[in-house]
Amino acid sequence: MVSTTPLAMSPEFRTQSLERMRTEQFDVLVIGGGVTGGGAALDATSRGLSVALVEARDFASGTSSRSSKLIHGGLRYLEQLNFSLVQEALKERSLILDRLCPHLAHPVPFILPLQHRGWERLYLGSGVLLYDTMAGRHKAVPSHSHLSRSEALRQFPSLRKDALIGAIKYYDGQVDDARHTMFLSRTAAQYGAALATSTRVTGLLREGDRVVGVRAVDLETSEELEIHARATVNAAGVWTDDIQEMVGGRGQFNVRASKGVHILVPRDRIHGETGLISRTEKSVLFVIPWGKSHWIIGTTDTDWELDRAHPAASRTDIDYLLDHVNAILTSPLTHDDVEGVYAGLRPLLAGESEATSKLSREHAVITPVAGLVMVAGGKYTTYRVMAKDAIDLAVQGFPTTVAESTTETTRLAGAEGYHAAWNARHRLAEDSGLHVNRIERLLGRYGSLLHELLEMVAEHPDLGEPLTGADEYLRVEIAYAASHEGALHLDDVLTRRTRISIETFHRGVDVAQEVAELVAPILGWDDDRVAAEVEHYTQRVQAERESQQMDDDQTADAARMGADDVRTGIPTGA
Ligand code: FAD
């Protein structure tokens, strides 16, 4: 069913989706609720196809909640002369910021410090000029400018004077990746897709050589189900090879994982109006403003062959980031300044076959056997192109002609009416009794869907109160995460619908009880279940803290494995 009102991803919606999955034959079934899978589901459903998506854990629980959160062309790809990739990503940046989700994505300024007189300004200046020029007229962000050393220090007082001789200021985009990915799925639901998180694919259904769907297990009930589809799309990120193995043998490409760690520190620990990007011996260091109260500092780049569901950050990773950022800051940061830490795995293509893969854009789309499409690689910014390529391939051979992709113009839920709501923010503040700063923040997280939250507050005024211990968030956001945004566990709410797990020194533990009690009536939890969810979350944070004391990946991984995954660790009943 196609609706004009965004559908609430309520617990009932999940139950209905699973019922549909048991009984319907879909055109397209997507495995994986990351940005690629969510994008593929939206692409297919907005072409008029019937679509199902299954995600083993939560929307964006893999790499898609753990990126640097930049919507960017990739300035450094210019150095590698990869112009087509940059051009494509810049086009996507503009679409995302201007049209598809202006409520969720916004421009962010960066200072690029120069350390050498003469050639460097010319060299990097030409690169940034080319970057801006390639973005074209509709580039969605302001143009770059050259700064003297004193001007750069005025804009970023925490930069050490001897760390630069001048700077270039340029812009890229930023998005809360976990929320954006969830919004892709929610928009796909609006266009009729059936979606189920906590649903792990365990095998592929075959008719002769052809894949005709999947076998899956609902991890909330342990019930097994078979889902039938004309085409199945494997968008499982760093788990791509596991699905590939289900068809037997090696495929035409493999996906390997590289770990990237980020830390968060409070905004007042670094004085600067912009972000900062600085070269390191291996890659680049980003210092990125995150909301009004935090900085994100990243990232590392090391091979990872241990647990893929919970990649662990070690003390060595954190030391690396602190050492590099301290080399350019006036007041060094210490471990005590670190509020939050997260680690993600880059899904990197390896061993691909040139003949069949589309590597020009650093992602690959292939059909290893009839009925199955694999899509992997790429980056967050270019998810829409990956999704379109995957569905283009999936529908080849369908008996009737399928419409072209419409995702260049399909706006995400909350985008329609966002600018009007922004213009009305002072009136909305007056009417709701919330401060205008709150309304602005909510608009950046929900867009025009803000009205749904305000209605909930009007009915239950206590939901308009801030959470004790994480007062950037209102209680209504917690309830809404469970009633409208598909959150099924405490971990989903504290880690991805909100970012309390990385934005507070207590990492969510101090608000766990209050949050669990808020979602309990919506998710049907009794007191035992509330206690189990809180206990599980507390153990997870404890295991992460321990892993972050370890010197190497092996011991960090072993410490992190001390806490189960919430989807297998808590008996949830029928
Ligand atoms: P994922 O998000 O990992 O999704 C795959 C999903 O499949 C998972 O949710 C998983 O649970 C599910 N799954 C796996 N197996 C099964 C199964 N059997 N059944 C059902 N579901 C299953 N890109 C940018 O453009 N900008 C950036 O700033 C940026 N920074 C980055 C920084 C780091 C440190 C990293 C690691 C990556 C960064 N990227 C960035 C890249 C970007 O984050 C990834 O390319 C993108 O998120 C990958 O999304 P995905 O959907 O392919 O994979």
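Residues numbered from 1 in each chain as written. Predicted model: local features only at pLDDT ≥ 70, side-chain atom pairs only at ≥ 80, totals over all residues. Heavy atoms only, no water.

1. A look at empty space enclosed by the protein
Tallied over the entire structure, the rule returns five cavities of 30 Å³ or more. Taken as a whole, the largest cavity encloses approximately 410 Å³ of empty space. The wall of the largest cavity is formed by 28 residues, among which Arg66, Thr495, Arg540, Glu544 and Arg560 lie closest to the centre. Every element with two or more residues in the lining of the largest cavity is listed here: β16 (340–350), α16 (490–497), α17 (500–503), α19 (527–547) and α21 (566–569). Among the elements that take part in the lining of the largest cavity, α19 stands out by supplying four residues, more than any other. A per-class count over the lining of the largest cavity returns nine nonpolar, eight polar and eleven charged. (1 Å grid on protein atoms, 1.4 Å probe; cavity = no way out; pocket = protein on both sides within 12 Å on 5 of 7 lines; lining within 4 Å. Points joined across faces, edges and corners; volume = space filled by probe spheres on them. Helix = DSSP H or I, 4+ residues; strand = E, 2+ residues; numbered from the N terminus. Nonpolar A, V, L, I, M, F, W, Y, C, P; charged D, E, K, R; others polar.)

2. Some points on the layout of surface pockets
There is about 980 Å³ of room inside the second largest pocket. If you go around the second largest pocket, you meet 34 residues; those closest to its centre are His106, Gly291, Lys292, Arg441 and Gly444. Mapped by element, the contributors of at least two residues to the lining of the second largest pocket are β4 (105–114), β6 (166–175), α7 (177–190), β13 (284–290), α11 (418–423), α13 (436–446) and β20 (470–474). Top contributing element to the lining of the second largest pocket by residue count: α13, with six residues. Broken down by class, the residue content of the lining of the second largest pocket amounts to twelve nonpolar, ten polar and twelve charged. Mapped onto the domain boundaries, the lining of the second largest pocket takes at least three residues apiece from domain 2 (91–174 + 256–352) and domain 3 (460–569). (Domains from an automatic or database assignment.)

3. Topic: the environment of Asp389
Considering the arrangement of structural elements, one finds Asp389 in helix α10 (residues 383–394). Asp389 gets classed as buried once you look at its relative accessible area, which sits at 7%. Considering only alpha carbons, one finds Asp389 and Ile366, 23 residues apart in sequence, at a separation of 9.6 Å. (Buried < 20%, exposed > 50% of the residue type's maximum accessible area, 1.4 Å probe, protein only.)

4. A few points about the domain arrangement of the protein
Partitioning the protein into structural domains gives domain 1 (11–63 + 179–254 + 360–394), domain 2 (91–174 + 256–352) and domain 3 (460–569). On a C-alpha basis, the centroid separation for the pair domain 1 and domain 3 is 26 Å. The interface of domain 1 with domain 3 comprises 15 residues on the first partner and 15 residues on the second. Across the domain 1/domain 3 interface, buried area totals approximately 1,300 Å², and carbon plus sulfur atoms make up 46% of it. Taken together, the connections running from domain 1 to domain 3 amount to four salt bridges. As a salt-bridge pair, Asp565 and Arg57 come within 3.6 Å of each other at their nearest N and O atoms. Linking domain 1 with domain 3 are eight residue pairs in polar contact (both at pLDDT 80 or more). Only α1 (11–23) and α7 provide two or more residues apiece to the side of domain 1 that touches domain 3. Looking at the side of domain 1 that touches domain 3 element by element, the count peaks at three residues for α7. Residues belonging to the side of domain 1 that touches domain 3 are distributed by class as follows: six nonpolar, three polar and six charged. (Contact = heavy atoms within 4.5 Å. Buried area = accessible area lost by both parts, 1.4 Å probe. Salt bridge = Lys/Arg side-chain N within 4 Å of Asp/Glu carboxyl O. Polar contact = N/O pair within 3.5 Å; in protein donor to acceptor, adjacent residues only side chain to side chain.)

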